[in-house]
Amino acid sequence: MGEVAGYREAALRLLGEHAVAEDAPAMQRYMKSEMPFIGVRKPARVRIVDALCERFRFAMQEDLIDSARELWRKASFREERYVALSVTGHRAQRGFQDPEMLGIYEEFVVTGAWWDFVDETASRRIGPLLLSHPDVVRPLLLSWSTDEDRWRRRTSIIAQLRAKDRTDVELLRRSIEANLDDPDFFLRKAIGWALREHAKTDPGWVQEFVENHDLSPLSRREALRNIDR
């Protein structure tokens, strides 16, 4: 195993130092989470992740993956998983961002199984890998677009939210079309969101897509939100 000795213990200690117990119930209600919160809000979590990445300089990619995975899998509080996810995308880990990270990112999607984990992983972890390694990631996302797991499918739809003029429109089209008939709220929202973001780059493509496809009212409304009609 490549996890760094003391990594999880250091993360738990920092989370405990920054926890505000009174905040935890409201955070859990907002996220509709079965896993409890300890009460560490995002600004404090950012500082915690910075501190961890300053103290623990991973020598190998395996060290990063195994340390983040240990923190994720053994989590008792949701913030532990937020830290595990954030650490993998910290600027200190820039040199480790290659397809070998896809395994842990898929685990974040499938076992996280909620929009807070999935959206961050899709757009800020897997999306950049699609741009740098399309030969590996593109076929993976195409397979996910028809997967039984709705969170893999959501990932396939929203992975390109930040791609702008580098958007693979054929991948976007196929990922959306594979899910047009699904009544799931999170998929319909994802379709609208992905189209709305791409409309910032190519509103004509999005307008034509909407006109030629039978989108749900939710997806259509979201897709056209910023297009002058």
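Here goes a summary of the coordinates provided. (Residues numbered from 1 in each chain as written. Predicted model: local features only at pLDDT ≥ 70, side-chain atom pairs only at ≥ 80, totals over all residues. Heavy atoms only, no water.)

Some words on the layout of surface pockets
Put simply, the largest pocket is a space of about 1,200 Å³. Forming the boundary of the largest pocket are 34 residues, of which Lys-42, Ser-86, Glu-120, Arg-124 and Arg-125 lie nearest the centre. For the lining of the largest pocket, the secondary structure elements donating two or more residues are helix H2 (24-31), helix H3 (42-55), helix H5 (78-88), helix H7 (115-132) and helix H11 (185-199). Per-element tally for the lining of the largest pocket: the top contributor is H7, with 9 residues. Residue composition of the lining of the largest pocket, grouped by class: 15 nonpolar, 6 polar and 13 charged. (1 Å grid on protein atoms, 1.4 Å probe; cavity = no way out; pocket = protein on both sides within 12 Å on 5 of 7 lines; lining within 4 Å. Points joined across faces, edges and corners; volume = space filled by probe spheres on them. Helix = DSSP H or I, 4+ residues; strand = E, 2+ residues; numbered from the N terminus. Nonpolar A, V, L, I, M, F, W, Y, C, P; charged D, E, K, R; others polar.)

Observations concerning the pattern of salt bridges
Per the counting criterion, the structure on display carries 21 salt bridges. Arg-153 is the partner of Asp-182 in a salt bridge, and the nearest nitrogen-oxygen pair spans 2.7 Å. With Asp-182 in the loop between helix H10 (169-177) and H11 and Arg-153 in helix H9 (residues 150-158), this pair connects stretches of sequence that are 29 residues apart. The class for Arg-153 is buried, based on a relative accessible area of 13%. For Arg-173, the salt bridge is made with Glu-170, and the minimal N-O distance between the two is 2.3 Å. Taken together, the residues span about one helical turn, with Arg-173 and Glu-170 both in helix H10 at a distance of 3 residues. According to the relative accessible area criterion, Arg-173 is partly exposed, its value standing at 25%. Look at Glu-170 and you get partly exposed, because its relative accessible area is 32%. One network of salt bridges, in which partners are shared, links Lys-189, Arg-196, Glu-222 and Arg-225. (Salt bridge = Lys/Arg side-chain N within 4 Å of Asp/Glu carboxyl O. Buried < 20%, exposed > 50% of the residue type's maximum accessible area, 1.4 Å probe, protein only.)

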